[in-house]
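Notes for the structure review
Chain residues, written in single-letter form:
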Amino acid sequence: SVWLHPMDVIYRTIATVILHASAQIPADNPDARKLRRAVIHEHLQGVHRRATASLEDWSGPYTSEHGEYYYNAVLGQSSWYSPLDDWE
């Protein structure tokens, strides 16, 4: 069996972003570190924007006799699982 770290996808994504930034911006560029940081920062801001948009219609947790649940009014959908779990 193979065990994957729960954050494996995130680590791999960040590693890919770093590799692409390194390939696009040569090390001999005097501003290479600054430019690479900007690429990574933009990627992280994009992830944050997508997470915020994805979560904005969810509310909760609400208490029921079966446990806590979350509700999305736009989708008319409820869930026993926190929508934050997908983004953590």
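Before reading on, note that the structure itself is shown above.
I will try to describe carefully the structure that is included in this document. (Residues numbered from 1 in each chain as written. Predicted model: local features only at pLDDT ≥ 70, side-chain atom pairs only at ≥ 80, totals over all residues. Heavy atoms only, no water.)

1. A look at the overall build of the protein chain
In terms of helices and strands, the protein chain carries 2 helices and 3 strands. The linear arrangement of helices and strands in the protein chain, starting from the amino end, is α-α-β-β-β. Relative to the 2.2 N^0.38 estimate, which gives 12 Å for 88 residues, the radius of gyration of the protein chain is 19 Å and therefore markedly larger than a compact globule would have. Burial analysis of the protein chain (88 residues in total) assigns 15% to the buried set. (Helix = DSSP H or I, 4+ residues; strand = E, 2+ residues; numbered from the N terminus. Rg over C-alpha atoms; globule rule 2.2 N^0.38 Å. Buried < 20%, exposed > 50% of the residue type's maximum accessible area, 1.4 Å probe, protein only.)

2. Let's talk about the sheet that holds strand 2 (residues 67-72)
The antiparallel open sheet is built from 3 strands, whose spatial order is 1-2-3. The outermost strands of the open sheet, each flanked by one partner alone, are strand 1 (58-64) and strand 3 (77-79). The sheet shows a mean angle of 30° between the axes of neighbouring strands, direction not considered. Judged from the 3 bridges that link them, strand 2 and strand 3 form a sheet pairing that is antiparallel. (Pairing = 2+ DSSP bridges. Axes fitted to C-alpha atoms, helices over the stretch in contact; angles between N-to-C directions.)

3. Quick word on the environment of L19
With respect to the element layout, L19 can be found in helix 1 (residues 8-24). Residue classification places L19 among the exposed positions, given a relative accessible area of 60%. Residues L19 and L44 lie 25 residues apart in sequence; the distance between their C-alpha atoms is 15 Å.

4. Observations regarding the pairing of strand 2
Pairing of strand 1 with strand 2, which is carried by 5 bridges, proceeds in the antiparallel orientation. Residue pairing across strands places W58 opposite N72, the latter belonging to strand 2. The hairpin formed by strand 1 and strand 2 contains 2 residues between the paired strands. Between the antiparallel neighbours strand 2 and strand 3 lie 4 residues, among them G76 with a positive phi of about 65°.

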